[in-house]
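Chain residues, written in single-letter form:
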Amino acid sequence: MHSLKIESSSIVPKYRQVIDGIHQAIETKTLRQNQKIPSINELSQQYGLSRDTVLTAFNDLQSRGIIISKPGKGYYIAKATVSRQRKIFLLFDKLTSYKEVLYDAFKTQLKRQATVEIFFHNFHLKTFETLIQESLGKYTDYVIMPIPTKTVAGVIKQIPRDKLYILDRGRRLYGQTYPSVCQSFKKDIYQALHSSAVLLQKYHKLILLIPENSHIPTDLVRGFKQYCTENGWSHLTTKKLPTGNIEKGCVYLVLDDRGLVSLVQEANANGFQLGKDIGIISYNDTPLKSIVANGITTISTDFSMMGKNLADLILNKRKDHIENPSSLIRRSSL
């Protein structure tokens, strides 16, 4: 049975690897109904497994009617198809309102073909490692929003490669190694600013407000600086609002909702009219931003489409690398 792969270094129990291998062989038609499979002794010798390990796997498969034992003849495949209820491990970075949009679209697109268990690592390395290590062998598919650092590569590699999907970020680090649905942050912000060039003409400076203790993608900052440099814009990236009052005639790109609220409050306190005295562009759209201050302009990927694309990858076992679309949503704040 050459399609079976046993990884000694994997934390996934070896009996579970045998079960998964036979499932996959049936799904790919490598094994067919009524076909004889190697005996317990044969598999044990071929893959260096104990008889108890193979027996545990066979007992599980037999109890679910996937294989049958014919006395004096051996084990045979009993079903032409394996109906495996998918159980998906979904690891988000943190809880936000737009993650709810993504999650709802993902669940809807799955159409009850899978159960989903959701976790959050909050950019804490130990939490990230622990959640993944404790999940190994318990799920059919793993969806990871990685911490944007190469130091997590080791723990990510512990997940079977054919079960792993990268979501939202980590495109440069992992997006070409594993199937992925990710944003292209550098290109997205550059193109969004380019598409708003006419609206930006009434301002003289662009300011990118980066939240304190943030984990924003570095490509986003690169895209902002590239646009400003290539188009001759006076610009600033800062973790705090400039000392004193906000500056009239500037466009503020604000990346977090708390910063957005503070900025709107500051504008109101100074009697500035949004879209005239100062401009505001927020990142990641939510329904509330269409109402706040008569509408906040946003740069946002389509989180509903992201959830649908992710579900499609998993259900159809596709190995694509999808760049999720992003756009500028124009409202009165610009």
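Preceding this section is the structure that the text describes.
As the structure is a computational prediction, the values presented were derived from the model and not from experiment. (Residues numbered from 1 in each chain as written. Predicted model: local features only at pLDDT ≥ 70, side-chain atom pairs only at ≥ 80, totals over all residues. Heavy atoms only, no water.)

Novice: Whenever I open this one, the sheet that holds strand 5 (residues 141-144) confuses me. Can you help?
Specialist: Where strands meet in a sheet, backbone hydrogen bonds hold them as pairs that are either parallel or antiparallel. Spatially, 4-3-5-6-7-13 is the arrangement adopted by the six strands of the open sheet, whose pairing is parallel. Where the open sheet ends on each side, the last strands, each with one partner, are strand 4 (114-120) and strand 13 (321-323). Adjacent strand axes in the sheet meet at a mean angle of 15° when their direction is disregarded. Where strand 3 (residues 86-92) meets strand 4, seven bridges bridge the pair, whose relative direction is parallel. (Pairing = 2+ DSSP bridges. Helix = DSSP H or I, 4+ residues; strand = E, 2+ residues; numbered from the N terminus. Axes fitted to C-alpha atoms, helices over the stretch in contact; angles between N-to-C directions.)

Novice: Looking at this structure, I do not really get the sheet that holds strand 9 (residues 234-238). What am I missing?
Specialist: The sheet built from six strands is open, its strands ordered 9-8-10-11-12-14 with mixed pairing. Across the chains shown, the open sheet's two edge strands, defined by having one partner strand only, are strand 9 and strand 14 (326-329). Pairs of neighbouring strands in the sheet enclose a mean axial angle of 15°, with direction left out of account.

Novice: Explanation requested: the pattern of salt bridges in the structure shown.
Specialist: Scanning the model with the defined rule gives 13 salt bridges in all. Notably, a salt bridge pairs Lys289 with Asp257, separated by 3.1 Å at the nearest N-O pair. You can see Lys289 sitting in the loop between strand 11 (279-283) and strand 12 (297-301) and its partner Asp257 sitting in helix 11 (residues 257-269), a full 32 residues away along the chain. By relative accessible area, Lys289 is classed as buried at 3%. Overlapping salt bridges bring together Arg16, Asp20 and Lys163 as one network. (Salt bridge = Lys/Arg side-chain N within 4 Å of Asp/Glu carboxyl O. Buried < 20%, exposed > 50% of the residue type's maximum accessible area, 1.4 Å probe, protein only.)

Novice: Explain the packing of helix 4 (residues 97-110) against helix 12 (residues 303-315) here, please?
Specialist: For any two helices packed against each other, the geometry comes down to the angle between their axes and how far apart the axes lie. Where helix 4 meets helix 12, the axes come as close as 7 Å, and the angle between the chain directions of the two elements is 40°. In this structure, helix 4 crosses over helix 12, and the sense of that crossing is right-handed. Between helix 4 and helix 12, the contacting residues are Tyr98, Val101, Leu102, Ala105, Phe106, Gln109 and Leu110 on the first element and Phe303, Ser304, Met306, Gly307, Lys308, Leu310, Ala311, Ile314 and Leu315 on the second. Here the residues of the contact of helix 4 with helix 12 sort into twelve nonpolar, three polar and one charged. (Left-handed = near helix turned anticlockwise from the far one by under 90°. Contact = heavy atoms within 4.5 Å. Nonpolar A, V, L, I, M, F, W, Y, C, P; charged D, E, K, R; others polar.)

Novice: Would you take a moment to explain helix 8 (residues 185-195) for this structure?
Specialist: Residues separated by three or four positions in an α-helix point in the same direction, a consequence of the helix having 3.6 residues per turn. Among the residues of helix 8, those classed as buried are Phe185, Asp188, Ile189, Ala192 and Leu193. Relative to the axis of helix 8, the buried residues are bounded by an arc of 120° and lie together on one face. (Arc of directions from axis to C-beta.)

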